[in-house]
Amino acid sequence: MLTDAFFDQLSVCDNDSEILMKLIKMIDPSTDEGAFMQAVEGQFGGIMGLFGASYSKLVKNNAVGENLAILIKYMQIILIRTIKTKIKNKDLISNITQLHDYLLFKNYASQQEKIIIFLLNSKNFLLKEEIIATGTPNNVMFYPQTVIRHVIENSATSFILVHNHPSGDPSPSNDDVIQTRELQKVCKMLAINFHDHIIVGDMDTYSMRKNAILH
C-alpha cells in the first residue's frame, strides 16, 4: 500500500534509475527490469536520452513497447513545460544554463535536423520559440533572409539559433560554421544581436559563442 512516507522517502532518493523503475513497474508490472534498464543505458544513452527519444523510436524498442512509450512521452511533455516556465520572463542570456538544460531535455526528438529560433525582446525575455527549417538526418540549411524575416515579423531585438544533431554528437560541421558566420555578418549590418548558435546532441550541447565561432 502506498503512503505519504513512501513518497517522502522516494523524493530524497539519489538513484534516478530506481525512481524510474518504481514508476514503470507500477504502470506495467510485467516489465523486464534488466532489459529495460539495459535499453535505457545502451540504446538511449541514459534517462535523459530516454526522455529525449522520439515516440517512434521508443515504441519500436522491445524493452519499452507502446504503453511505456506513451507514458514516457506524456511525462516528457509535462516536464518540458515545467522546465520552460523557468526560462520565461527571465533574462535568457543571464540564465543561459537553464536554456541549455531545457534544450537537452527537449532535444527536438527527431530523425531530421531542425533549425529553431528563440526570439528575444530588449530585456532578453523569450518572445517566441519556432522551428524555421527542417533538413535531412545529416544536414539542414538556413538562410539569413529567413532568420531576419522572423526577427522583424515578431518585433524581436535579438535571437538565439538552435539546431539538433540526430547523430548525438553536437560538434558543428563545416557547413554549420560557414552558415553561422554568414548570418552573423548580415546581423551586424542590420544591428540585430545574434547571441548564439547552439547545437544539441544526445547528452551535451555546443555553443558557437563559447567556442569563439561567433564573436
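Residues numbered from 1 in each chain as written. Predicted model: local features only at pLDDT ≥ 70, side-chain atom pairs only at ≥ 80, totals over all residues. Heavy atoms only, no water.

### Observations concerning the packing of aromatic side chains
Scanning the entire structure with this criterion turns up two aromatic pairs. Between Tyr102 and Phe118, the aromatic rings sit 6.4 Å apart at their centres with planes inclined by 90°, giving edge-to-face as the arrangement. Taken together, the residues span a long stretch of sequence, with Tyr102 in helix 7 (residues 96-106) and Phe118 in strand 1 (residues 114-120) at a distance of 16 residues. For Tyr102, a relative accessible area of 1% corresponds to the buried category. Look at Phe159 and Phe194: their rings are 4.7 Å apart centre to centre, the planes differ by 15°, and that puts the pair in the stacked class. Taken together, the residues span a long stretch of sequence, with Phe159 in strand 3 (residues 158-164) and Phe194 in strand 4 (residues 193-200) at a distance of 35 residues. For the pair formed by Phe159 and Phe194, the shared burial category is buried. (Phe/Tyr/Trp six-rings, centres within 6.5 Å; stacked < 30°, edge-to-face > 60°. Helix = DSSP H or I, 4+ residues; strand = E, 2+ residues; numbered from the N terminus. Buried < 20%, exposed > 50% of the residue type's maximum accessible area, 1.4 Å probe, protein only.)

### Observations regarding the packing of helix 6 (residues 65-87) against helix 7
Where helix 6 contacts helix 7, the two axes come as close as 10 Å, and the packing angle between them is 165°. Overall, the two elements helix 6 and helix 7 adopt an arrangement that is roughly antiparallel. Here helix 6 runs over helix 7; the crossing is left-handed. Residues Gln76, Leu79, Ile80, Ile83, Lys84, Lys86 and Ile87 of helix 6 touch helix 7, and the partners they reach there are Gln98, Leu99, Tyr102, Phe105 and Lys106. Class assignment for the residues of the contact of helix 6 with helix 7 results in seven nonpolar, two polar and three charged. (Axes fitted to C-alpha atoms, helices over the stretch in contact; angles between N-to-C directions. Parallel < 35°, antiparallel > 145°, perpendicular 65-115°, else oblique. Left-handed = near helix turned anticlockwise from the far one by under 90°. Contact = heavy atoms within 4.5 Å. Nonpolar A, V, L, I, M, F, W, Y, C, P; charged D, E, K, R; others polar.)

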